[in-house]
Structure formats: structure tokens, C-alpha cells
Amino acid sequence: MSKRKDRLKDIVNQAIADQEVPHVKLKKMEPANVDIDKLTKPSKETRQEYWGKGLTYFAIGLIIVLVVSIIGFVGVHGLATFFSDHVNVFHFLTSTDWDPSDGKNHVGAAAMIVTSFAVTILSALVATPFAISVALFMTEYTSKKGAKFLQSVMELLVGIPSVVYGFLGLTIIVPVIRNIFGGTGFGILAATLVLFVMVLPTITSLTVDSLNAVPQHFRKASSALGATHWQTISKVILPVATPRILTAVIFGMARAFGEALAVQMVIGNAVLMPYNLVSPSATLTSQLTSQMGNTVMGTLPNNALWSLALLLLIMSLVFNFLVRLVGKKGQK
């Protein structure tokens, strides 16, 4: 170590002595006064760099551990239905008989799976045209002040709690459906209308970003060729932004698929295969929220609910995969 310091000191001394421009020569520093120990120790900035990197790596590691722990915990408890309680996987996915307290032959989630997909797809189909229309108005027609006002409205809709949406659906939408179509008013239609309002801000905001991402020279080139404003929108802007808009729709579907409280309040919570849009039914999330507190940990009814949670987790991973797949195709 001493030889290394002596060599470094000689190099520094030689560098100071070889300065050829007098006015930049280091003042009050002679070759003999060089503090090699100070030069070799980390500076304050270097220590801050180490601390910053350390905190960043710690946060990343903590997030990875947290995600793996959640997936592992849900996976272990969800798979216990099939490995510990010996429930047939095919029967679980295709049977509509849901009464786990009566035994493993009564654990069928098909009705909830069908209802969950029906509510998700219908709400996305209803919300997407409205979201695209509002996004086009915000980006192509209105002024900046109008766009900011509409953006504030969308942010307000996002900030409203789910229970408020559910309560509004319970007190307004369900009675209207009951008066028009008869029955109880609970069902897929009520849940679809509630989720339509809930996913609309998400799809709209992401669609606005998609339209703003289209380069301005595309619009200018289309106008230079004599295209009208609507021709530019329909033939240039929307085709270019389609992959990003599809990503927005998938995010909205993921939001709808995972919604629990609002759907539970208007769906009816009857584990039955829906035969129309106004018959009471249940989704995966509504059944979880309504029954998880009524089961004992480790029993078949509890493990069956964890299997529903595992299905929801798998679907969230599928939605993330679809977002990445669509995003890659959009880049090409």
C-alpha cells in the first residue's frame, strides 16, 4: 500500500511541477505538500453516490421480494384446493355448482368466471366509444382551457371512491332497471353501467396521451394534401394511435375485472349462470369480498376462495402480457 501511495504521490508531484500555464498553477500547493491520503479517500459526493445507489437497489429488491411473496402466498393457498382437497381442476373451471361447504364436488367457478368476463367486456365495449370521442374532442377540437377543464373532470371521476359508485348504482341504476325490465334490477346490466363510469376516465386519459403522441407533422402533411380535419383524424391520427388506444382499453378492462365493492353492491351476489343481463349473478371479486370473512383458514371453503383469488392474479398477469404484446406491435 505504501508503494502505491508513493507512486501516486510522485505522479501528482510531477503533474504539478509540469504545469506550463502560470496563471492556472495551483496556489499554495507545492509538490511536497500533496496529501495523498485525502486524494485516495472517497469524497462527500462519492459517498452520496454510494448511498443513492444503495437505496435504489434496496427499493428494487424490496419490491421484487414483495411481488414474489404475494404471488407465492396466493399460489400456495390457491393450489391447496387441488392438491390438498383434491378438487378436479377441470371440474372447478367448468362446473356451475358452487357450495364448497358441501364438499369438493360442489366447487365450481364457471358461473363467476363467465359473469366476470361478461361484465368486463361489456363495460369496455360501452366505455371505449365514449372515451375515444372525448379524447378526440380534447386533443383535436377544443381549446387548451377546455381540455384542462375536461381533464379535471376525468381526474375527479378517478378520485371518487368505489363505494360511492356502488351506492349510486344501488340507489339510481338498480331501481331504473327494475322499473324498465322488471325483476330485482340486480345483474350484469347494472354492473356494466357502474363499471362504464368507473373505467371511462382511465381509458380516456390514456387515449388522450395516445393521440398527443402522434407527431404533428403527420397532421400537417395530411392537411397539405388537401384532407379535411375529419379525414386527417380518421385516416391518419386514429390508425397511428390504434396500438396505444388498444393498450388503454386493456388497462380499462383490467380495472373492470378487478373491481370488487361497486360490483358487489349491484350484481346481486347469486352464484348462478346468468341467462340474461338483468338476472342476479356474481363475479369472482364480489364472491371474494362477500365470503372471505365467513370462512375458516385452511378449510375447503377458504381454499376455494383463495383459488378464485389465484384466478384473478392470473388474469392480471394476462392483462399485463397483452399490454406488452400490443405495445411491441405498436413500436413496429
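Because the structure is a prediction, the values reported are computed rather than measured. (Residues numbered from 1 in each chain as written. Predicted model: local features only at pLDDT ≥ 70, side-chain atom pairs only at ≥ 80, totals over all residues. Heavy atoms only, no water.)

Concerning a nonpolar patch on the surface
Taken together, the side chains of Val-163, Val-164, Leu-168, Ile-172, Val-176, Ile-180, Phe-181 and Leu-261 make up a nonpolar region of the molecular surface, amounting to roughly 700 Å² of accessible area. Ranked by residue count, the leading element in the nonpolar patch is helix H7 (residues 162–181), at seven residues. In this structure, Leu-168 sits in helix H7. (Patch = residues over 30% accessible without salt bridge, like charges linked within 9 Å, V, L, I, M, F, W, Y side chains within 5 Å. Areas by Shrake-Rupley, 256 points an atom, 1.4 Å probe, with all protein chains shown as cover. Salt bridge = Lys/Arg side-chain N within 4 Å of Asp/Glu carboxyl O. Helix = DSSP H or I, 4+ residues; strand = E, 2+ residues; numbered from the N terminus.)

Let's talk about unusual backbone geometry
In this structure, His-86 is a non-glycine residue whose phi angle is positive, near 60°. Counting through the fold element by element, His-86 comes out in the loop between helix H3 (44–83) and helix H4 (89–94). Its relative accessible area of 52% is what places His-86 among the exposed residues. In the Ramachandran plot, Asn-269 falls in the positive-phi region, its phi being about 55° despite a non-glycine side chain. Mapping Asn-269 onto the fold places it in the loop between helix H11 (261–267) and helix H12 (284–291). (Buried < 20%, exposed > 50% of the residue type's maximum accessible area, 1.4 Å probe, protein only.)

Thoughts on the packing of aromatic side chains
Counted by the stated rule, this structure contains five aromatic pairs. When the ring of Phe-257 is compared with that of Phe-319, the centres are 5.9 Å apart and the planes differ by 65°; the resulting orientation is edge-to-face. Highlighted residues: Phe-257 in helix H10 (residues 229–258) and Phe-319 in helix H13 (residues 300–331), separated in sequence by 62 residues. Look at Phe-257 and you get buried, because its relative accessible area is 5%. Phe-319 sits in the buried class, given a relative accessible area of 6%. (Phe/Tyr/Trp six-rings, centres within 6.5 Å; stacked < 30°, edge-to-face > 60°.)

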